Amino acid sequence: MTVQELPGAGASYRPTPPPAWRPRTDAAPLLPDPEPYRVLGTPAAEKLDPELMRRCYTELVRGRRYNAQATALTRQGRLAVYPSTVGQEACEIAAALVLEDRDWLFPSYRDTLAAVARGLDPVQALTLLRGDWHTGYDPREHRIAPLSTPLATQLPHAVGLAHAARLSGDDVVALAMVGDGGTSEGDFHEALNFAAVWRAPVVFLVQNNGFAISVPLAKQTAAPTLAHKAVGYGMPGRLVDGNDIAAVHEVLAEAVGRARAGGGPTLIEAVTYRIDAHTNADDATRYRVDAEVEAWKAHDPVELLERELTARGLLDAEGIQQAKDAAEVMAAALREGMNADPVLDPMDLFAHVYAEQTDRLREQAEMLRAELEAGAEG
């Protein structure tokens, strides 16, 4: 039944709304490129900002050393678990460097390197993975949301903060990071839908590293790319080589600028690879072959940038050594910080959970306090 056929609708009543099925947006401008966007090794590299790229190189070298040191700490029992980002450092560093101080970063549990590159002390970044604290830093001070272990739950939070900032007139952009596995969660779809409808100033960076633990991408989605999913929500999708830090930084910078100018959200898929296992508790040899890993090592993000910069005369042996020396200083400080036994208060379990404790939480706190006092007396 049409509107005109409704009882009581007179001949003079002829509303002309568009049909409900009509697309609200032209899909063509939202579609990602057929191949991941690249800069390094292409003519576009001639326009690189030398100062920015040298900083990126220093951070990449530092990030690789950070990953190695954190992995060693798990073997020494100083960390309970560590999800390495070896091979993914370009995504991590670019995400940190593209943001202004007033912006917010919403990382997953794997994105401690992005937090460190944004200025967070490495020891604080690893406190959660050590099991000492709910999170090891003040999110408001650093504009870094707590590391999210549940997959994709940080994405709706990023949308909410970005939308609230826009309503308040604050010039703030939120950048939310997630892995390919997180795109299979309902939170991912809800976040993208709300972000697009509200035109929230948020950027979604998907690090497609090939596997959700042991599940390959082909068993998660039949979409042409993860970037294509953006079209269904009415936002642009971008596909970028996740090991090319110049390309990742450029694409992120465009998306952040678009969001800040009121253009709404963007979904970016960075095609990269997880060289190390999912965590130190994972045996990656059960679901992938060494030849695949070696092929991706030939596309290493650190080496890609180093070759480009040295070939263009923007980096020499002295610069390479300086980057390595700075990385060793960071690693030494991380070892020292993690080797110090923290003084922990079990009652801190109940701090910072709610602004005002619930009755149930108070009961639990009293039970623990009684047990601790009984143990001390015994």
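Residues numbered from 1 in each chain as written. Predicted model: local features only at pLDDT ≥ 70, side-chain atom pairs only at ≥ 80, totals over all residues. Heavy atoms only, no water.

Caption draft 1: Representation of the side chain of Asp241 within the structure. Its place among the elements puts Asp241 in strand E6 (residues 237–241). Among the polar contacts made by the side chain of Asp241, one reaches the main-chain amide nitrogen of Asn243 at a distance of 2.9 Å. When neighbours within four sequence positions are excluded, Asp241 is seen to be in contact with Pro36, Tyr37, Arg38, Val248, Val271 and His299. (Helix = DSSP H or I, 4+ residues; strand = E, 2+ residues; numbered from the N terminus. Polar contact = N/O pair within 3.5 Å; in protein donor to acceptor, adjacent residues only side chain to side chain. Contact = heavy atoms within 4.5 Å.)

Caption draft 2: Region of interest: the packing of helix H4 (residues 122–130) against helix H11 (residues 317–339). Close contact between H4 and H11 brings their axes to 10 Å; oriented N to C, the two are set at 45°. Judged by the inter-axis angle, H4 sits oblique to H11. The chirality of how H4 crosses H11 is right-handed. Only Met330, Ala333, Leu334, Gly337 and Met338 of H11 make contact with H4, whose side of the interface consists of Pro122, Val123, Leu126 and Arg130. (Axes fitted to C-alpha atoms, helices over the stretch in contact; angles between N-to-C directions. Parallel < 35°, antiparallel > 145°, perpendicular 65-115°, else oblique. Left-handed = near helix turned anticlockwise from the far one by under 90°.)

Caption draft 3: Structural context of the packing of aromatic side chains. Tallied over the full model, the rule gives six aromatic pairs. Taken together, a centroid distance of 6.0 Å and an interplanar angle of 35° make the contact between Trp104 and Phe106 tilted. Neither Trp104 nor Phe106 differs from the other in exposure class; each is buried. Every member of this aromatic cluster is reached through a ring pair, and the members are Phe211, Tyr273, Tyr287 and Trp296. Above the face of the Tyr37 ring, Arg238 is positioned so that its terminal group lies 5.9 Å from the ring centre. (Phe/Tyr/Trp six-rings, centres within 6.5 Å; stacked < 30°, edge-to-face > 60°. Buried < 20%, exposed > 50% of the residue type's maximum accessible area, 1.4 Å probe, protein only. Lys NZ or Arg CZ within 6 Å of the ring centre and 35° of its normal.)

Caption draft 4: The pattern of salt bridges, seen in detail. Per the counting criterion, the structure on display carries 18 salt bridges. Its salt-bridge partner being Glu254, residue Arg238 comes within 3.0 Å of it at the nearest N-O pair. With Arg238 in strand E6 and Glu254 in helix H8 (residues 245–260), the pair connects residues that are 16 residues apart, well separated along the chain. For Arg238, a relative accessible area of 21% translates into the label partly exposed. Residues Glu308 and Arg312 are paired through a salt bridge, measuring 2.5 Å at the closest nitrogen-oxygen approach. On the accessibility criterion, Glu308 (10% relative accessible area) is buried. Residue Arg312 is classed as partly exposed on the basis of its relative accessible area, which comes to 35%. In this structure, a network of salt bridges that share partners links the residues Arg102, Asp103, Asp171 and Arg260. (Salt bridge = Lys/Arg side-chain N within 4 Å of Asp/Glu carboxyl O.)

Honestly, that's just the spatial picture; any functional story needs more than this.
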